[in-house]
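Secondary and tertiary structure notes
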Amino acid sequence: MSTDALVQFLSRAESLLARAESLLPPQLGAPDWAASSAFRYRRRRGVPVLEPVRHVATIRLEALKEVDAQKERLLQNSRQFVQGRPANNVLLTGARGTGKSSLIKAVLNEFSGQGLRLIEVDKADLVDLPDLVDLVAERPERFIIFCDDLSFEEGEAGYKALKSMLDGSIAAASDNVLIYATSNRRHLLPEQMRDNLAAKVDENGELHPGEAIEEKVSLSERFGLWISFYPFSQQEYLAIAAQWLRHFGLGEAAIAAARQPALIWALERGSRSGRVAYQFARDLAGRGGPGALTAATPADAPIPDDLDQA
């Protein structure tokens with residue numbers, strides 16, 4: 001073969017390879033790991049991207065009130081993980097607005113200086129978890145895969161992918177990755193009355209749940225640690241509101257005067273969650289603090305002694 005023919009052949013071969021490579025699925029590239037302690041996994045026009053979070057939430061553990069037991073359990077598990085000891089994947093479930101997501105962000109801030117990193121993944125992108133875990137497997141940092149407000153409908157692809165990643169894949173899970181998920185549903189899937197129709201009772205009276213129920217609880221069971229959050233009492237709600245008012249710079253006298261407006265705010269919202277307490281404090285501080293109390297509370301507004309009785 002002449003030199004010209006060989007050059008022409010190699011050129012055509014390279015062109016053919018380039019076309020073949022364009023048909024392959026796009027590969028996930030590594031980000032600048034030094035750019036942040038938190039990252040977001042996204043698909044942009046079908047291309048997987050791991051983006052640094054430029055402004056990470058600054059919430060600290062001491063800012064979270066009335067969830068001390070939950071805080072201690074998550075803190076201990078995360079400490080074990082950062083120190084290279086065995087630790088569990090965690091499912092945080094319960095009442096809305098009680099600090100589930102905030103607690104995970106606070107744990108990141110607590111341990112980021114010790115090499116802890118967080119990667120937020122949307123439910124729709126859970127099918128890409130194996131690629132994401134492979135990307136970070138050889139990194140020296142410890143990674144929390146964070147799935148916020150997680151729940152599934154029947155037949156969603158991410159459900160099976162998450163189950164396999166938690167426990168069930170033939171590939172061993174990397175020891176520098178844990179999954180932390182929050183949800184208002186304990187079992188992450190809607191539970192319906194018709195699921196119980198498949199239950200059977202044997203001759204000894206023993207109940208055997210149907211396969212539909214077994215399937216629905218199988219995902220949540222693969223989280224090694226369950227942490228439950230409960231609705232706040234009135235006193236707990238007021239304590240949280242006071243904490244946020246201090247955060248926004250109000251003094252103790254103003255905080256005491258804000259008790260009734262805080263209760264009315266919760267009554268109007270129909271909830272005494274930590275999120276509602278934060279929103280009240282933010283609103284009051286934004287309107288001028290103590291000077292806004294009169295405008296915030298009409299003189300004839302009824303103030304219940306306890307919202308449970310309202």
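This text follows the structure it describes.
Described in the following lines is the structure provided in the data block.

Calculation notes
Residues numbered from 1 in each chain as written. Predicted model: local features only at pLDDT ≥ 70, side-chain atom pairs only at ≥ 80, totals over all residues. Heavy atoms only, no water. Helix = DSSP H or I, 4+ residues; strand = E, 2+ residues; numbered from the N terminus. Buried < 20%, exposed > 50% of the residue type's maximum accessible area, 1.4 Å probe, protein only. Contact = heavy atoms within 4.5 Å. Areas by Shrake-Rupley, 256 points an atom, 1.4 Å probe, with all protein chains shown as cover. Axes fitted to C-alpha atoms, helices over the stretch in contact; angles between N-to-C directions. Parallel < 35°, antiparallel > 145°, perpendicular 65-115°, else oblique. Left-handed = near helix turned anticlockwise from the far one by under 90°. Nonpolar A, V, L, I, M, F, W, Y, C, P; charged D, E, K, R; others polar. Core = buried A, V, L, I, M, F, W, Y, C linked by side-chain atoms within 4.5 Å. Polar contact = N/O pair within 3.5 Å; in protein donor to acceptor, adjacent residues only side chain to side chain. Phe/Tyr/Trp six-rings, centres within 6.5 Å; stacked < 30°, edge-to-face > 60°. Salt bridge = Lys/Arg side-chain N within 4 Å of Asp/Glu carboxyl O. Pairing = 2+ DSSP bridges.

Structural notes on the overall build of the protein chain
Within the protein chain, the regular secondary structure consists of 11 helices and 9 strands. Taken over 310 residues, the protein chain has a buried fraction of 43%. Sequence-distant contacts, at least 24 apart, represent 76% of the contacts inside the protein chain between residues at least 6 apart. Summed over its atoms, the accessible surface of the protein chain is roughly 17500 Å², and 50% of this surface lies on carbon and sulfur atoms.

So, the packing of helix α2 (residues 68–82) against helix α3 (residues 100–111)
In the contact formed by α2 and α3, the axes pass within 10 Å of each other and the chain directions differ by 40°. If you check the angle between α2 and α3, you find them oblique. For the pair α2 and α3, the crossing hand works out as right-handed. Across from Gln70, Lys71, Leu74, Leu75, Ser78, Arg79 and Val82 in α2, the residues of α3 making contact are Leu103, Ile104, Val107, Glu110 and Phe111. Looking at side-chain class alone, the contact of α2 with α3 contains 7 nonpolar, 2 polar and 3 charged residues.

Let's talk about the nonpolar core
With 48 residues, the main nonpolar core has Leu74, Leu92, Leu116, Tyr237, Leu245 and Phe280 as its most contacted residues. If you tally residues by element for this core, the top one is helix α7 (residues 234–247), at 7 residues. Setting aside chain neighbours within four positions, we find phenylalanine 280 in contact with Tyr237, Ala241, Leu245, Ala258, Pro261, Ala262 and Trp265.

What to know about the side chain of glutamate 141
Counting through the fold element by element, glutamate 141 comes out in the loop between α4 (129–136) and β5 (142–147). In this structure the side chain of glutamate 141 is engaged in a polar contact, spanning 2.8 Å, whose partner is the side chain of arginine 139. Excluding residues that lie within four positions of it along the chain, glutamate 141 makes contacts with Trp33, Gly115, Arg117 and Asn176.

Description of the packing of α7 against helix α9 (residues 259–269)
Orientation of α7 relative to α9, taken along the N-to-C sense of each, is 115°, at an axis distance of 10 Å. Comparing the axis directions of α7 and α9 gives the class roughly perpendicular. The two elements α7 and α9 cross, and the hand of that crossing is right-handed. Two secondary-structure elements touch here, α7 through Gln234, Gln235, Tyr237 and Leu238 and α9 through Arg259, Ala262, Leu263, Trp265 and Ala266. Classifying every residue of the contact of α7 with α9 by side-chain character gives 6 nonpolar, 2 polar and 1 charged.

Concerning the packing of aromatic side chains
For the structure shown, the criterion picks out 5 aromatic pairs. Taking 5.3 Å as the distance between ring centres and 65° as the angle between the ring planes, the aromatic pair formed by tryptophan 33 and phenylalanine 143 counts as edge-to-face. Here phenylalanine 143 lies in strand β5 and tryptophan 33 lies in the loop between α1 (3–23) and β1 (38–44), a separation of 110 residues in the sequence. Judged by its relative accessible area of 11%, tryptophan 33 is buried. Summarising the aromatic geometry, the rings of tryptophan 265 and phenylalanine 280 are spaced 5.9 Å apart at their centres and angled 65° between planes, so their arrangement reads as edge-to-face.

Side note on unusual backbone geometry
Phi at glutamate 66 takes a positive value of approximately 65°, unusual for a residue other than glycine. Within the secondary structure, glutamate 66 sits in the loop between β2 (47–52) and α2. Given a relative accessible area of 34%, glutamate 66 falls into the partly exposed group.

Focus on the pattern of salt bridges
Considering all chains together, one arrives at 7 salt bridges under this definition. Put simply, lysine 71 and aspartate 68 hold a salt bridge, and the shortest N to O gap is 3.9 Å. Of this pair, lysine 71 and aspartate 68 are both found in helix α2, 3 residues apart, which corresponds to roughly one turn of the helix. We classify aspartate 68 as exposed; its relative accessible area is 54%.

Section: the sheet that holds β2
Read across the sheet, 7 strands follow the order β2-β1-β4-β5-β6-β3-β9 without closing on themselves; strand pairing throughout is mixed. The open sheet terminates on both sides in strands that have one partner only, identified here as β2 and β9 (225–229). The mean angle between the axes of side-by-side strands here comes to 20°, regardless of whether they run parallel or antiparallel. Of the pairings in the sheet, the one linking β5 to strand β6 (residues 177–183) comprises 5 bridges and is parallel in character. Looking at the pairing, phenylalanine 143 lines up with valine 177 of β6.

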